[in-house]
Amino acid sequence: MDLGFRGEVAVLYARYRHGYPPAVLDALVAAFGLTGDDVVVDLGCGTGQLALPMARRVRAVLGVDPEPDMVGLARAAAAELGVRNVSWLVGADSDVPALAALLGERTVGAITIGQALHWMDHERLFREARPLLRPGGGVAVLANGTPLWLQDSGWSRALREFLQDWFGKRLTATCGTDEATRQRYRAALAAAGYETSTTSAEYQCLLDVDRIVGGVLSAVPVDGLPPPDRRAAFARGIDEALRRHAPYEEHVRVSVLTGRVD
């Protein structure tokens, strides 16, 4: 599976993507009764934004991502932070059944999916995850805010206009953060036999142009990045398009959808 999030995009992802506030970790621990005896699988782990802080709450975490460069950067971040109870695996949601053979059935406290479910076959995943989960464990689907270009602010609307002009297409993909998609995920969890619940945590960020440019580029497949000789013009164009809307305040709402098994 090649989604294009390799090379420079993986580096941008590690540098610019938001992490998760402690309240989100608290919500996951409470939802599934996680303790120091539990194992958590972070599916679509990226560069470790969720797996690494979760590791401090449980016995072990297995971070799984289809992109080797993402996994390599996550492993490097774990080493830098001294986090030694995370294992990393190159794999996808289609590999979940094999994890039962690796870890054993009914052994996992939670499977977390942070801002990645839109790349997966969620109905199949929810069905195939059940044999892995211990009683009281479950699946958590997290949406870490809305894409930078789809927010309800003057600077975000200006960003969207600039990007649509630059790339020559409308930007409408929500990456699974919109309410209709979240409700579809919730219905699929219920249909697979999970007891569902939702919660959220909110926080504010003050962004600068560098973080906005980096955040945008971290969401572009590597083959679609502005070429090196146009990168400065891309950043300058964003700066000029947004300048009159400064300061660039971002309100981030982290939505947490959980499905629990008996």
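Our structure's up above, just so we're on the same page.
None of these values were measured; they are calculated from a predicted model.

(A) Structural detail: the layout of surface pockets. Estimates place the volume of the second largest pocket at around 220 Å³. Lining the second largest pocket are Ala143, Gly145, Thr146, Gln151, Thr177, Asp178, Glu179, Arg182, His251, Arg253 and Ser255. Put simply, the parts of the chain that give the lining of the second largest pocket at least two residues each are helix H8 (179-191) and strand S7 (248-260). Ranked by residue count, the leading element in the lining of the second largest pocket is S7, at 3 residues. A per-class count over the lining of the second largest pocket returns 1 nonpolar, 6 polar and 4 charged.

(B) Representation of the pairing of strand S3 (residues 86-90) in the model. In terms of strand pairing, strand S2 (residues 60-65) meets S3 through 5 bridges, oriented parallel. For Leu62, the partnering residue across the bridge sits in S3 and is Ser87. For the crossover that starts at S2, traverses helix H4 (residues 68-81) and ends in the parallel S3, the hand is right-handed.

(C) Quick look at the packing of helix H6 (residues 122-129) against H8. At their nearest, the axes of H6 and H8 sit 9 Å apart, and the two run at 35° to each other. Relative to H8, the crossing made by H6 is right-handed. Contacts between H6 and H8 involve His122, Glu123 and Phe126 from the first element and Arg184, Tyr185, Ala188 and Leu189 from the second. The residue makeup of the contact of H6 with H8, split by class, is 4 nonpolar, 1 polar and 2 charged.

Rules and cut-offs
- Residues numbered from 1 in each chain as written.
- Predicted model: local features only at pLDDT ≥ 70, side-chain atom pairs only at ≥ 80, totals over all residues.
- Heavy atoms only, no water.
- 1 Å grid on protein atoms, 1.4 Å probe; cavity = no way out; pocket = protein on both sides within 12 Å on 5 of 7 lines; lining within 4 Å.
- Points joined across faces, edges and corners; volume = space filled by probe spheres on them.
- Helix = DSSP H or I, 4+ residues; strand = E, 2+ residues; numbered from the N terminus.
- Nonpolar A, V, L, I, M, F, W, Y, C, P; charged D, E, K, R; others polar.
- Pairing = 2+ DSSP bridges.
- Right-handed = clockwise from strand over helix to strand, strands pointing away.
- Axes fitted to C-alpha atoms, helices over the stretch in contact; angles between N-to-C directions.
- Left-handed = near helix turned anticlockwise from the far one by under 90°.
- Contact = heavy atoms within 4.5 Å.

These values are about where atoms sit, not about what they do.
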